[in-house]
Amino acid sequence: MHRFAGALAALCLAAAATTAVVLAGPAAAAPACAVAYRLNQWQTGFTADITVTNGPTAASSWTLTWHYAGNQTVTSAWNATVRQTGNAVTAQSLSYNGALPAGGSVSFGLQGTASGTNAEPTDFALNGVSCGDPAPPTSTTPTTTPTTPTSGPTTTTSGPPPAGCAGAALCDDFEQQTGGTPGGRWTVGAANCQGTGTVAVDTTVAHSGSRSVKVTGQGGYCNHAFLGTSVSGSGVLYGRFWVRHTTALPAGHVTFLAMRDSTDGRDLRAGGQNRALQWNRESDDATLPAQSPAGVAQSVPLPTGTWSCFEFRLDGAAGQLRTWLGSAEVPGLVVDGVPTADVDQQWLARAWHPAVTDLRLGWESYAGDADTLWFDDVAVGSSRIGC
Ligand code: CA
């Protein structure tokens, strides 16, 4: 961020100088644009928060292009329409964020899959002009005063709710929440005893709109805290939610999603152990994947400080489970009926036909680990909702 702030300051100085000298002829011009590309990567995927700062030429819409050097594949995006052909990527503004004044900035984000080296792109171009080149000379004095940069990127992103959610039985972006504690369909609670864990509507960090739910989870049995709602357990159940958290998944066992399985009267839980995502069956403490090094290696960490799209498919009749993070299936989090070493041998040790009756998001820590998490855009339906 310091590198970008410096570039921004330099750009503003250069832009001001250009405004003063431009009528005298082509002089040392400001760069056409500057791009801050903040990469957050894990074993099989990544997100990138991208901030584009315009040069001295105001635009009513913008298109940013670049190429990836590796096998990066964009799977979803927010605050821009992003298309990829081969390794060429094009991001276009949306109706609400196209206006880009001279010196102004706009941010958008994307999620993708990748393996191997995930190098930052170096050939950004804004509206067809390379960000590595000086801006083309302008023939008139700019009429727009360069915008004073705001204090860097905020942690809030806004935009329309993700597509496809409207057909789901449960589709909630928390924008209807008016109080400090989630209400309506949601119930806030601690399973056994109330400690210092809290659940609250939050207006400072959101995946969509201006509201999410913040869970301040503490270590210890009485500090578990969840918000929950009932769901139908019949048939195939797809779930999708966005989660953002603060502290990397610890070595100890934690849970951020719990669902009551009415067939055995205990919870089916998703969370982490050994620093990677896992499922856990409370009734017999089976884990998915197995917690061997080879098993853990087939799962992924949950990135911190960024929104991640968590999806699952639960088929109670078949006793099957699939899981995606950022639209990429996590191989260690799959029960597909075919036994896989280090993944599901423990899970398949007994018959399993879950019928879940609720969905709870929050925090349970069995080894004293704390975390602060946000949840947004929660959906449950009978077909895949997507990110
Ligand atoms: Ca929201």
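Please read all numbers here as calculations on a predicted model, not as lab measurements.

This next bit is on the overall build of the protein chain. Per the secondary structure count, the protein chain includes two helices and 24 strands. For the protein chain, the share of sequence-separated contacts (at least 6 apart) that also reach a separation of at least 24 residues comes to 71%. Working note: accessible area of the protein chain is about 16100 Å², and carbon and sulfur atoms make up 54% of it.

Within the fold, Val-199 resides in strand 12 (residues 198-202). A residue is classified by how much of its surface remains accessible, and Val-199, at 8% relative accessible area, is buried. Put simply, Val-199 and Trp-374 are 175 residues apart on the chain and 9.4 Å apart in space, counted from C-alpha to C-alpha. With near-sequence residues (within four places) excluded, Val-199 lies in contact with Pro-182, Val-188, Val-213, Lys-214, Val-215, Ala-225, Phe-226 and Leu-227.

Coordination of the calcium ion by the protein is provided by Asp-173 (O), Glu-175 (OE), Ser-208 (O), Ser-208 (OG), Arg-211 (O), Asp-376 (OD) and Asp-376 (OD), with metal-donor distances spanning 2.3 to 2.9 Å. Each donor residue of the calcium ion belongs to the same chain, and together they define the spacing D-x1-E-x32-S-x2-R-x164-D. Each member of the pair, Asp-173 together with Glu-175, is buried.

What follows covers the nonpolar core. With 45 residues, the main nonpolar core has Phe-241, Phe-256, Leu-257, Leu-277, Trp-279, Phe-310 and Leu-359 as its most contacted residues. One finds Ala-48, Ile-50, Trp-66 and Phe-108 within the second-largest nonpolar core, a separate group that totals 25 residues.

Our next topic: the pattern of salt bridges. One pass over the structure, following the stated rule, counts 12 salt bridges. Taking the shortest distance from any N to any O, the salt bridge between Arg-313 and Asp-315 comes out at 3.8 Å. In this structure, a network of salt bridges that share partners links the residues Arg-260, Asp-267, Asp-358 and Arg-360.

A few words now on the state of the cysteines. One pass over the structure, following the stated rule, counts two disulfides. Each sulfur of the disulfide joining Cys-33 and Cys-131 lies 2.0 Å from the other. On the S-S bond that ties Cys-33 to Cys-131, the torsion sits near -105°, and the link is left-handed. Of this pair, Cys-33 sits in strand 1 (residues 33-41) while Cys-131 sits in the loop between strand 9 (129-130) and strand 10 (170-172), and the two are 98 residues apart along the sequence. A single burial state applies to Cys-33 and to Cys-131, both of which are buried. Across the disulfide from Cys-309 sits Cys-387; the S-S distance is 2.1 Å. Negative torsions about the S-S bond denote left-handed disulfides, and the value of about -90° found for Cys-309 with Cys-387 makes this one left-handed.

What follows deals with the sheet that holds strand 6 (residues 88-92). Read from one edge to the other, the open sheet built from five strands follows the order 5-6-3-8-9, with strand pairing classed as antiparallel. Since the sheet does not close on itself, it has two edges, and those belong to strand 5 (81-85) and strand 9, each with one partner. One ladder, built from two bridges, connects strand 8 (residues 125-126) with strand 9; its direction is antiparallel. Within strand 9, the residue paired with Leu-126 across the bridge is Val-129.

Another point: the side chain of Asp-371. Take Asp-371: it is sitting in strand 24 (residues 371-381). At 10 Å, Arg-244 is the nearest oppositely charged side chain to Asp-371, a buried residue that forms no salt bridge. A polar side-chain atom of Asp-371 sits 2.7 Å from a polar atom in the side chain of His-245. Within polar-contact distance, the side chain of Asp-371 engages the backbone nitrogen of Thr-246 at 3.2 Å. Ignoring anything within four residues of it in the chain, the contact list for Asp-371 reads Val-215, Thr-216, Gly-217, His-245, Thr-246, Thr-247 and Trp-363.

On to the pairing of strand 1, then. Relative to strand 2 (residues 45-54), strand 1 is paired through nine bridges, and the arrangement is antiparallel. Within strand 2, the residue paired with Arg-38 across the bridge is Asp-49. Between strand 1 and strand 2, which pair antiparallel in sequence order, lie three residues.

A full pass over the atoms with the stated rule returns 11 aromatic pairs. Between Tyr-37 and Phe-124, the ring centres sit 6.0 Å apart and the planes meet at 45°, which makes this aromatic pair tilted. Of this pair, Tyr-37 sits in strand 1 while Phe-124 sits in the loop between strand 7 (105-113) and strand 8, and the two are 87 residues apart along the sequence. Tyr-37 gets classed as buried once you look at its relative accessible area, which sits at 4%. Assessed through its relative accessible area of 7%, Phe-124 is described here as buried. Note on Phe-241 and Phe-256: the rings are 6.3 Å apart at their centroids and 80° apart in plane angle, and the pair reads as edge-to-face. You can see Phe-241 sitting in strand 15 (residues 236-245) and its partner Phe-256 sitting in strand 16 (residues 254-261), a full 15 residues away along the chain.

This part takes up unusual backbone geometry. Leu-288 connects to Pro-289 through a cis peptide bond whose omega is 0°. Structurally, the position occupied by Pro-289 is in the loop between strand 19 (286-288) and helix 2 (293-296). A positive phi is found at Arg-275, a non-glycine position, where the angle reads about 70°. Looking at the element boundaries, Arg-275 is found in the loop between strand 17 (266-273) and strand 18 (276-281). Note on Arg-275: relative accessible area 53%, which makes it exposed.

What counts and what doesn't
- Residues numbered from 1 in each chain as written.
- Predicted model: local features only at pLDDT ≥ 70, side-chain atom pairs only at ≥ 80, totals over all residues.
- Heavy atoms only, no water.
- Helix = DSSP H or I, 4+ residues; strand = E, 2+ residues; numbered from the N terminus.
- Contact = heavy atoms within 4.5 Å.
- Areas by Shrake-Rupley, 256 points an atom, 1.4 Å probe, with all protein chains shown as cover.
- Buried < 20%, exposed > 50% of the residue type's maximum accessible area, 1.4 Å probe, protein only.
- Donors = N, O, S within 2.8 Å, 3.2 Å for Na, K, Ca; no water.
- Core = buried A, V, L, I, M, F, W, Y, C linked by side-chain atoms within 4.5 Å.
- Salt bridge = Lys/Arg side-chain N within 4 Å of Asp/Glu carboxyl O.
- Disulfide = S-S within 2.5 Å.
- Pairing = 2+ DSSP bridges.
- Lys, Arg positive; Asp, Glu negative; His and termini not counted.
- Polar contact = N/O pair within 3.5 Å; in protein donor to acceptor, adjacent residues only side chain to side chain.
- Phe/Tyr/Trp six-rings, centres within 6.5 Å; stacked < 30°, edge-to-face > 60°.

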